[in-house]
Amino acid sequence: GGRGATGHGPWFPLPTRWGVRAVEAQLVMAGPWAGRRGLPCCLAVVLVLIALPCGSGHRRGGPWAAALLERLEMANQPGEEISGHASSSSSWASSSPSSASSSNSLLSLVTGSAALSPSSHAAPIWVEEFLSRPKNCFYVAVPVSFITDSFNLVGLPDVPYQKETLQLILSGAGKNNETLQASAEVLYGLIHARYVVSRPGLETVRRKFLRCEFPTCPRTLCRGQQMIPTGLADALGRGTVKMYCPSCRELYDTQADVDGAAWGTTLPHLFFLTFKDLEPSRVAYTPYEPRIHGFRLRR
Ligand SMILES: [Zn+2]
């Protein structure tokens with residue numbers, strides 16, 4: 001922080017992307033309406049843009065989003081860093097015990113099992129086994145460090161025998177129990193949905209995308225464009241996983257009988273927003289034109 005050293009008037013702080021967006025909006029607005037009426041108009045837009053994320057974000061996003069915001073605020077302080085995966089030794093749970101203790105009963109177990117392998121970036125053996133099944137080919141491997149970071153499990157929906165289930169995922173204990181196996185698949189899907197929209201998760205999805213491990217769009221004129229898995233809803237039981245094509249911007253069914261909530265509705269759009277170079281150009285999109293003897297149909 002501080003004042004600009006260039007001496008071109010007062011320094012204007014832009015701490016967040018909302019600030020940048022607001023100023024961008026102001027620049028756009030200033031173009032056509034640069035007259036006297038333009039200024040109050042611009043100020044109103046700037047105020048609305050700044051107020052939007054503050055007003056509804058906490059309530060709409062649920063406890064995990066609130067915890068994420070809290071963590072981001074913590075990370076803005078000097079000496080702290082944002083860690084969606086437990087890369088740093090300072091745990092979110094230990095630094096803010098009041099909010100962590102009331103959130104989720106899984107947390108106590110995770111905090112206890114953090115000693116298992118707190119810095120491991122490899123996936124647990126159960127996860128490797130789970131991913132080797134053909135129907136689970138769209139999942140990515142969530143590392144131990146992400147699962148054992150109590151912050152990442154805040155506010156997850158309850159699954160049957162969740163403590164034992166988490167223990168199964170992390171250590172493989174009770175892998176012959178069918179009930180636990182079924183619960184583990186659900187719980188892994190829920191954790192997976194959070195992992196894929198985190199920065200390291202997006203990076204993992206990108207590597208899978210670049211290795212061409214996702215199916216290609218069945219639409220002929222999309223010319224083999226690779227797709228990204230997504231769900232029709234973020235809640236469990238609202239349909240199986242679908243594939244989103246960034247070229248025709250359509251969803252396609254898959255053969256995989258896996259809950260779409262394990263990817264959620266955000267992944268493809270956040271993915272192409274993060275890795276803009278991977279999104280096909282809109283100019284390259286070719287709509288299909290019906291013709292009879294070469295003449296276009298007019299309806
Ligand atoms: Zn397509």
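Residues numbered from 1 in each chain as written. Predicted model: local features only at pLDDT ≥ 70, side-chain atom pairs only at ≥ 80, totals over all residues. Heavy atoms only, no water.

### Some remarks on the overall build of the protein chain
Point 1. Within the protein chain, the regular secondary structure consists of 11 helices and 5 strands.
Point 2. By the burial criterion, 38% of the 299 residues in the protein chain qualify as buried.
Point 3. Residue pairs in contact within the protein chain that sit at least 24 positions apart in sequence constitute 59% of those at least 6 positions apart.
Point 4. Split by element, the accessible area of the protein chain, about 17,700 Å² in all, is 58% carbon and sulfur. (Helix = DSSP H or I, 4+ residues; strand = E, 2+ residues; numbered from the N terminus. Buried < 20%, exposed > 50% of the residue type's maximum accessible area, 1.4 Å probe, protein only. Contact = heavy atoms within 4.5 Å. Areas by Shrake-Rupley, 256 points an atom, 1.4 Å probe, with all protein chains shown as cover.)

### Points about the pairing of strand β2 (residues 242-245)
Point 1. Burial of β2 is two-sided: the residues Lys242 and Tyr244 facing one way and the residues Met243 and Cys245 facing the other way are all buried.
Point 2. As paired strands, strand β1 (residues 228-230) and β2 are joined by 3 bridges and run antiparallel to one another. Considered in β2, the bridge of Thr230 is made with Lys242.
Point 3. Pairing of β2 with strand β3 (residues 250-253), which is carried by 4 bridges, proceeds in the antiparallel orientation. Pairing of Cys245 across the sheet is with Glu250, part of β3.
Point 4. Turn length for the β2-β3 hairpin, with the two strands adjacent in sequence and antiparallel, is 4 residues, and the turn residue Arg249 shows positive phi of about 55°. (Pairing = 2+ DSSP bridges.)

### Quick look at the sheet that holds β2
Point 1. Spatial ordering of the open sheet is given by β1-β2-β3, a layout of 3 strands whose pairing is antiparallel. Strands with a single pairing partner mark the edges of an open sheet, and in this sheet they are β1 and β3. Sheet twist, expressed as the average angle between the axes of neighbouring strands with direction ignored, equals 40°.
Point 2. Against the sheet, helix α11 (residues 267-274) engages β1 and β2, with an angle of about 145° to β1. (Axes fitted to C-alpha atoms, helices over the stretch in contact; angles between N-to-C directions.)

### Things to note about the coordination of the zinc ion
Point 1. Of the protein atoms, only Cys217 (SG), Cys222 (SG), Cys245 (SG) and Cys248 (SG) coordinate the zinc ion, at distances of 2.2 to 2.3 Å.
Point 2. Ordering the donors of the zinc ion by residue number gives the pattern C-x4-C-x22-C-x2-C. Here Cys248 lies in the loop between β2 and β3 and Cys222 lies in the loop between α10 (199-210) and β1, a separation of 26 residues in the sequence. The residues Cys222 and Cys248 share a single accessibility class, namely buried. (Donors = N, O, S within 2.8 Å, 3.2 Å for Na, K, Ca; no water.)

### A few points about α11
In an α-helix, one turn spans 3.6 residues, which is why side chains three or four residues apart end up on the same side.
Point 1. If you check which residues of α11 are buried, you get Leu267, Pro268, Phe271 and Phe272. Buried residues in α11, looked at end-on, bunch into an arc of 120°, giving them a common side.
Point 2. Summarising the contacts, the buried residues of α11 are in contact with α9 (178-196), α10, β1 and β2. (Arc of directions from axis to C-beta.)

### Quick notes on α10
Point 1. Look at α10: 17 Å from first C-alpha to last across 12 residues, which is about the 16 Å you get at 1.5 Å a residue.
Point 2. Here α10 has its buried residues at Gly201, Leu202, Thr204, Val205, Lys208 and Phe209. Buried residues of α10, viewed axially, fall in a sector of 160°; they line one side.
Point 3. The secondary structure elements touched by the buried residues of α10 are α9, β1 and α11. (Expected span 1.5 Å × (residues − 1).)

### Here we look at the pattern of salt bridges
Point 1. In total, this model carries 8 salt bridges according to the counting rule given.
Point 2. As a salt-bridge pair, Glu203 and Arg206 come within 2.8 Å of each other at their nearest N and O atoms. Of the two residues, Glu203 and Arg206 both sit in helix α10, 3 residues apart, roughly one turn of that helix.
Point 3. Accessibility expressed as a relative area gives 25% for Arg206, which makes it partly exposed.
Point 4. In the salt-bridge network here, residues are joined through shared partners; they are Lys208, Arg211 and Glu213. (Salt bridge = Lys/Arg side-chain N within 4 Å of Asp/Glu carboxyl O.)

### Points about the packing of aromatic side chains
Point 1. Here the structure, examined in full by the defined rule, presents 11 aromatic pairs.
Point 2. Centroid distance Phe130 to Tyr188: 5.2 Å. Interplanar angle 70°. Geometry classified as edge-to-face. Taken together, the residues Phe130 in helix α6 (residues 125-131) and Tyr188 in helix α9 connect sequence positions 58 residues apart.
Point 3. Phe130 sits in the buried class, given a relative accessible area of 1%. (Phe/Tyr/Trp six-rings, centres within 6.5 Å; stacked < 30°, edge-to-face > 60°.)

### Focus on the nonpolar core
Point 1. Membership of the largest hydrophobic core comes to 49 residues, with the highest contact counts inside it found for Ile191 and Phe271.
Point 2. Taken together, the elements giving at least two residues each to this core come down to α6, α7 (144-147), α8 (162-171), α9, α10, β2 and α11.
Point 3. The biggest single contributor to this core is α9, with 8 residues.
Point 4. When we break this core down by domain, the ones giving at least three residues each are domain 2 (102-195) and domain 3 (213-284).
Point 5. Here Phe271 is in contact with Leu202, Val205, Arg206, Phe209, Ile228 and Leu278, once residues within four sequence places are set aside. (Core = buried A, V, L, I, M, F, W, Y, C linked by side-chain atoms within 4.5 Å. Domains from an automatic or database assignment.)

### Observations regarding unusual backbone geometry
Point 1. Positive phi outside glycine occurs at Tyr161, with the angle close to 50°.
Point 2. With respect to the helices, strands and loops of the structure, Tyr161 is situated in the loop between α7 and α8.
Point 3. The exposure class of Tyr161 is exposed, given its relative accessible area of 52%.
Point 4. The backbone of Arg249 shows a phi angle near 55°, a positive value even though the residue is not glycine.
Point 5. A relative accessible area of 42% means that Arg249 is categorised as partly exposed.

Everything listed here is a matter of coordinates, which is why it stays silent on function.
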